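Descriptive analysis of the structure
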Amino acid sequence: MKFQVYKRKVCTCLPRYGCIFLFLVVFALSFVIDFMDILENTVKSTIHSSYADRHYDFCKFQPLSLKETREEHLLLKSIAWPETPPLPFPHYLSKTSDPSHSSFTILSGREDGEWHKDDNLEILIKMYDFQGLPKKFGGDVLLARLHNPTLGAGVVGQVVDHLNGSYSAVFDLPWEGNAEVEVTLVHPSEAITVLRSLTRKHPDRIYFKSFFRSGYINETTVCNVCLRPTQQPVCNYTDLSTGEPWFCYKPKNLSCDTRINHSKGRLKKNLMTTETLFQSDVNMKVSIPASGPSCVTVLPKTKGWSMVSRRTVKSRPSGYYFHGVWRALRGPRVPHFNTSSAITQCLRGKVVHIYGDSTVRQWFEYFNATLPDLKEFNLHSQKKIGPYMALDYVNNILVTYRCHGPPIRFSKVPISELRYIANELDSLTGGSDTVVVLGIWSHFSTFPVEVYIRRLQSIRRAVVRLLSRAPDTLVVIRTANPKNLTLYETITNSDWYSLQRDKVLRAMFKGLNVHLVDAWEMVVAHNLPHELHPQPPIIENMINVLLSYICPKKGG
């Protein structure tokens, strides 16, 4: 009706044919707008239908724009793991990948059979089952590294799945001397079938709790982003600024606004009947033997000889260890800040804000323990939860740590301290004296990867806003890393889950003015055992990489 009135008013001022023309233009525009809405909804539904079976509908997701929906689709496609045949029931190990029957072979180098510094070394890995028969499909999770314990040297290999039971791994040769190949089966391909199913059927396998209190009445209820529907009412704690969803079952006798804290619950029991696929000394984090020599001797680099070409992969590792010190192959040179005074000199006049999980909280703890003039304030925060703050008044250094918002597997986090990283970044002024460190991955492993993608999209938008208003702000992101695996850790934090999220994180921040600390490679390349919280020598090298971004060496 409003349109008709508007049309009459305009038409009284136009010739008859002009009125008809205007009407046709408006009609055409309305048709185009309606058509674009239909097209956008069609594209979204088409994209979502291609992976709708990845999660149940009780996981709540904030709506995405068309551009974000396309990005999510491309990300999911980029991390798609090779399909493996369904597991028979009852399940037997006999036809699954067996590291003891499998082997790797070092392929020949130059025509003279020698390897020289800066060449590439390639190996071929062949997988066999427990019956000694060759595997016919891919999907195994493998790690490869080249190392020399005497030299304190190590570098990761880039693994390529040929989807037929064989794999290649290619190594840079960045040092002279002996170099030994090590290949580890993290999970057989059949285990990935189980891990996929676990996330699809039980994305809420770790549940969370909130404590509610008003006066003398208190209750505790279950919370999650994947909250199964029941007859019980639900409290909606979706963040108004970021749109991040979070829900709790409503207490029976209290209102939703009486929520006091957030805690990690427990892992649900009896989730799997295929524990045989996750045995530490049998088929999980087990070395694969060589079918011949496992070592090569790397000779000095020869002048006028081009490097042996990389045959299967294009990307280089980010760095390598030599004498226990990380050396970058990409990015700025990494100086060794081996004294507290050197670190203090680099951080003088800086504010370092650290946001994320406990793996990046280690960095705050490192600074706090290493710098004698950096004094931690007592904020009366709970141990291991934070927030934390430390100040070196003389050198004008401030270091803070705050955990990310839910899902977070910490105990008794006050609701006032449950803050999303994007909101924290929006509160920063930024500038050349500001360093922002982000580390968020470990607590998202049990959820559909879409939950992680959307969290990173929210953080990325905040990073873009921060760099737009303060381009000199330094933003550094710590990647995921592999860890020691037990059955419990596998169900909740398998290296395969971490690897998938690590790929997503790298892709989403590619092209932005941010810097990565490659924790994945720094843990795999080192001779220390894999741990969720890497040991001090690895943390020290991570801090050196961080400081190399804050204080880049001239000409490095």
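Only a predicted model underlies this, so the values are computations on that prediction, with no experimental measurement involved. (Residues numbered from 1 in each chain as written. Predicted model: local features only at pLDDT ≥ 70, side-chain atom pairs only at ≥ 80, totals over all residues. Heavy atoms only, no water.)

So, about the pairing of strand 5 (residues 153-156). Judged by which residues are buried, strand 5 turns out to be covered on both faces: A153 and V155 on one side and G154 and V156 on the other are all buried. Between strand 4 (residues 141-148) and strand 5, which pair antiparallel one after the other, the connecting turn spans 4 residues, and G152 there sits at a positive phi close to 60°. (Buried < 20%, exposed > 50% of the residue type's maximum accessible area, 1.4 Å probe, protein only. Helix = DSSP H or I, 4+ residues; strand = E, 2+ residues; numbered from the N terminus. Pairing = 2+ DSSP bridges.)

In a disulfide, the sulfur atoms of two cysteines are held together by a covalent bond. Tallying each qualifying case throughout the model produces 4 disulfides. A disulfide bridge connects C59 with C226, and the sulfur atoms are separated by 2.0 Å. Its S-S torsion of approximately 110° makes the covalent link between C59 and C226 right-handed. Of the two residues, C59 sits in the loop between helix 2 (16-49) and helix 3 (66-78) while C226 sits in the loop between strand 10 (217-224) and strand 11 (234-236), which places them 167 residues apart along the sequence. The class for C59 is buried, based on a relative accessible area of 4%. (Disulfide = S-S within 2.5 Å.)

This part is about the confidence of the model for the protein chain. This prediction gives the protein chain a mean pLDDT of 89; 87% of its residues lie at or above 70. Confidence drops under a pLDDT of 50 for residues 1-14, and excluding neighbours within four residues, the segment shows 7 contacts in the predicted structure. Overall, residues 31-55 carries pLDDT values under 50, and its contacts beyond four positions in sequence, including any with other chains, amount to 26 contacts. (pLDDT = per-residue confidence, 0-100. Contact = heavy atoms within 4.5 Å.)

Moving on, we get to the packing of helix 5 (residues 340-347) against helix 6 (residues 358-370). Across the interface, helix 5 lies against helix 6 with an axial gap of 10 Å and an inter-helix angle of 115°. Pair helix 5 / helix 6 crosses with left-handed handedness. Residues S340, I343 and L347 of helix 5 form the contact with helix 6, whose own contacting residues are Y366, F367 and T370. A per-class count over the contact of helix 5 with helix 6 returns 4 nonpolar, 2 polar and no charged. (Axes fitted to C-alpha atoms, helices over the stretch in contact; angles between N-to-C directions. Left-handed = near helix turned anticlockwise from the far one by under 90°. Nonpolar A, V, L, I, M, F, W, Y, C, P; charged D, E, K, R; others polar.)

So, on to the pattern of salt bridges. Scanning the entire structure with this criterion turns up 22 salt bridges. As a salt-bridge pair, R506 and D502 come within 2.7 Å of each other at their nearest N and O atoms. On the criterion of helical spacing, the pair formed by R506 and D502 is a turn pair, its members being 4 residues apart in helix 10 (residues 495-509). Judged by its relative accessible area of 4%, D502 is buried. (Salt bridge = Lys/Arg side-chain N within 4 Å of Asp/Glu carboxyl O.)

Moving on, we get to the packing of aromatic side chains. A complete count under the given rule lists 9 aromatic pairs for this structure. Both rings, one in W81 and one in W496, keep their centres 6.0 Å apart while their planes meet at 85°; by these two values the pair is edge-to-face. Placement of the pair is W81 in the loop between helix 3 and strand 1 (97-106) and W496 in helix 10, with a sequence separation of 415 residues. Comparing W81 with W496, the two get one shared label, buried. Clustering of aromatic rings is evident, with ring pairs tying together W81, W496 and Y497. Taking NZ or CZ as reference, R259 lies 4.3 Å from the ring centre of Y237, over its face. (Phe/Tyr/Trp six-rings, centres within 6.5 Å; stacked < 30°, edge-to-face > 60°. Lys NZ or Arg CZ within 6 Å of the ring centre and 35° of its normal.)

Ordered by their spatial adjacency, 6 strands build an open sheet running 11-12-10-9-13-22, and the pairing between neighbours is antiparallel. Every interior strand has two partners, whereas the edge strands, strand 11 and strand 22 (413-414), have only one. Examined bridge by bridge, strand 13 (residues 259-267) and strand 22 share 2 bridges and lie antiparallel to one another. In the strand pairing of strand 22, H262 is matched with V413.

Before going further, it helps to spend a moment on the side chain of N148. In this structure, N148 sits in strand 4. Of the residues examined, N148 reaches a relative accessible area of 8% and is grouped as buried. Polar contacts involving the side chain of N148 include one to the main-chain amide nitrogen of T150, which spans 3.0 Å. Among the polar contacts listed, one links the side chain of N148 to the backbone nitrogen of L151, at a separation of 3.0 Å. (Polar contact = N/O pair within 3.5 Å; in protein donor to acceptor, adjacent residues only side chain to side chain.)

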